[in-house]
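# Overview (structure and organization)
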Amino acid sequence: MSELELEPDITIDEDHLERIGDGSRRCCFRIPGQPFCVKFYRTPAEYTKKTRRSVRTSIFFSRFCLWFNVNYHEACYHARLRKRLPPDLFAAFPEQMRMVFSRKRGWGVIESLIENADGSAIRPVAVEMRETEDRALRERLYQAMAKLFDQLAEHSVCFYDPPNTMVQWTGPNEFRLRIVDFEPMGRALIPGLSLIPIYVRYKVRRRCTRYLKRMRESYLAPLPDEDGGAAALCLEK
Ligand SMILES: Nc1ncnc2c1ncn2[C@@H]1O[C@H](COP(=O)(O)OP(=O)(O)OP(=O)(O)O)[C@@H](O)[C@H]1O
Ligand SMILES: [Mg+2]
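Conventions and cut-offs
Residues numbered from 1 in each chain as written. Chains lettered and ligands numbered in written order. Predicted model: local features only at pLDDT ≥ 70, side-chain atom pairs only at ≥ 80, totals over all residues. Helix = DSSP H or I, 4+ residues; strand = E, 2+ residues; numbered from the N terminus. Buried ≥ 20, exposed ≤ 12 C-beta atoms within 10 Å, placed from the backbone. Contact = placed C-beta atoms within 7 Å. Near = placed C-beta within 6 Å. Nonpolar A, V, L, I, M, F, W, Y, C, P; charged D, E, K, R; others polar. Pairing = 2+ DSSP bridges. Axes fitted to C-alpha atoms, helices over the stretch in contact; angles between N-to-C directions. Core = buried A, V, L, I, M, F, W, Y, C linked by C-beta atoms within 7 Å.

## What about the overall build of the protein?
A count of helices and strands for the protein gives six helices and ten strands. By the burial criterion, 26% of the 237 residues in the protein qualify as buried. Taking contacts inside the protein between residues at least 6 apart in sequence as the whole, the part at least 24 apart equals 53%.

## So, the site of ligand 1
Within the structure, ligand 1 sits among 19 residues, and Gly 21, Gly 23, Ser 24, Cys 28 and Asp 181 are positioned closest to it. Breaking the shell around ligand 1 down by element, the ones donating at least two residues are strand 3 (18–22), strand 4 (26–30), strand 5 (36–41) and strand 7 (106–112). With three residues, strand 3 is the single largest residue contributor to the shell around ligand 1. Partitioning the shell around ligand 1 into residue classes produces eight nonpolar, five polar and six charged.

## Some words on unusual backbone geometry
Of note, Ser 156 is a non-glycine position whose phi angle comes to about 50 degrees, a positive value. Mapped onto the elements of the fold, Ser 156 is located in the loop between helix 5 (135–154) and strand 9 (165–171). Although it is not a glycine, Glu 183 sits at a positive phi angle of roughly 35 degrees. Examined against the element boundaries, Glu 183 turns out to sit in the loop between strand 10 (174–179) and helix 6 (197–219). In this structure Glu 183 comes out as partly exposed when scored by C-beta crowding, with 17 C-beta atoms within 10 Å.

## Quick look at the sheet that holds strand 4
Sheet strands line up and pair through hydrogen bonds in the backbone, either parallel or antiparallel. With antiparallel pairing, the five strands of this open sheet are ordered in space as 3-4-5-7-6. One side of each edge strand has no neighbouring strand; the edge strands of this open sheet are strand 3 and strand 6 (97–102). Each adjacent strand pair in this sheet contributes to an overall mean axis angle of 30 degrees, direction not counted. Here strand 6 runs beside strand 7; their pairing, made up of six bridges, is antiparallel. Residue Met 97 lies in a different strand from strand 7, and its bridge partner there is Glu 111. Helix-sheet contacts for helix 2 (residues 70–84) involve strand 5, strand 6 and strand 7, and the interaxial angle to strand 6 is about 155 degrees.

## Notes on the sheet that holds strand 8 (residues 123–124)
With respect to topology, three strands assemble into an open sheet ordered 8-9-10, the strand pairing being antiparallel. Because the sheet does not close on itself, it has two edges, and the strands there are strand 8 and strand 10. With two bridges joining them, strand 8 and strand 9 adopt antiparallel strand pairing. Across the sheet, Arg 123 pairs through a bridge with Val 167, a residue of strand 9.

## Some words on the nonpolar core
Most often, soluble globular proteins have nonpolar side chains that are buried together. Counting residues in each nonpolar core, the largest one holds 26 residues, and the members touching the most others are Val 125, Leu 152, Phe 159 and Val 204. For this core, the elements supplying multiple residues, two or more each, are helix 4 (125–131), helix 5, strand 9 and helix 6. Ranked by residues supplied to this core, first place goes to helix 5 with six residues. Apart from residues no more than four positions distant in its own chain, Val 204 is found in contact with Leu 152, Ala 153, Val 157, Phe 159 and Tyr 160. Membership of the second largest hydrophobic core comes to 15 residues, among which are Phe 36, Val 38, Ile 59 and Ile 110.

## Remarks on the environment of Phe 159
By the element assignment, Phe 159 lies in the loop between helix 5 and strand 9. The class for Phe 159 is buried, based on 26 C-beta atoms found within 10 Å. Between the C-alpha atom of Phe 159 and that of Phe 182, which follows or precedes it by 23 residues, the distance is 5.5 Å. Residues contacting Phe 159, with those up to four places away along its chain left out, are Leu 152, Ile 179, Phe 182 and Val 204.

## Remarks on the pairing of strand 7
With respect to burial, strand 7 is a largely interior element, six of its seven residues being buried. Sheet topology places strand 5 next to strand 7; four bridges connect them, and they run antiparallel. Residue pairing for strand 7: Phe 36 is matched across the bridge by Ser 112.

Structure follows, in structure tokens:
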């Protein structure tokens, strides 16, 4: 059994982690009995057919080298955001993030576990919009997303991947939008650009505007009786 001692309050038994989320590069594991999860890069045993060669190469370099490690960049950026964002906007991110090292898995990050009120896993906003029949709810999700993106751009927060916006159900008809994957360095050829607020604002606005347009077209197209029967709802991922 391999155990990672972090602080008196958290011990991770690496052999008994429950996998709750799969990204292309990282997997997220619930830490039993704790309000935390831990994210590590996939190990070769966790690669799938979708783990392309370029992704494997990037994982190989990032796992043990902090400079390339997304978990490290996210944890550092998270600490900076805590100091400079208004609390209501910072609340979109996990409350806690801290680095952890595993000899087997390399550098990972422990962060507050975000789950729905009924204990189920959070899902991306696009999935929630696609799966609900309730148009009013779709509108609410869309408006919340537009407001969040506006605030993120306003505060020059490096959030370049709007599909990573998640919905956390806090009650039967109540939700909060959350961001658990923000990769602040982006994948730009010149990573230093993320230090220039005006560039960040421009890029975040451009990406989010494009994404909102897609969401509108996919899930908020006029109903047949609203536009003479032309556009039915076209539900795509
Ligand atoms: N703090 C958290 N609480 C609950 N679930 C989480 C948390 N962080 C991540 N997850 C889950 O784990 C999944 C994978 O994590 P993440 O998106 O950070 O990986 P990734 O490899 O960066 O993904 P991508 O390929 O989209 O870039 C998320 O989509 C989400 O479902
Ligand atoms: Mg990611």
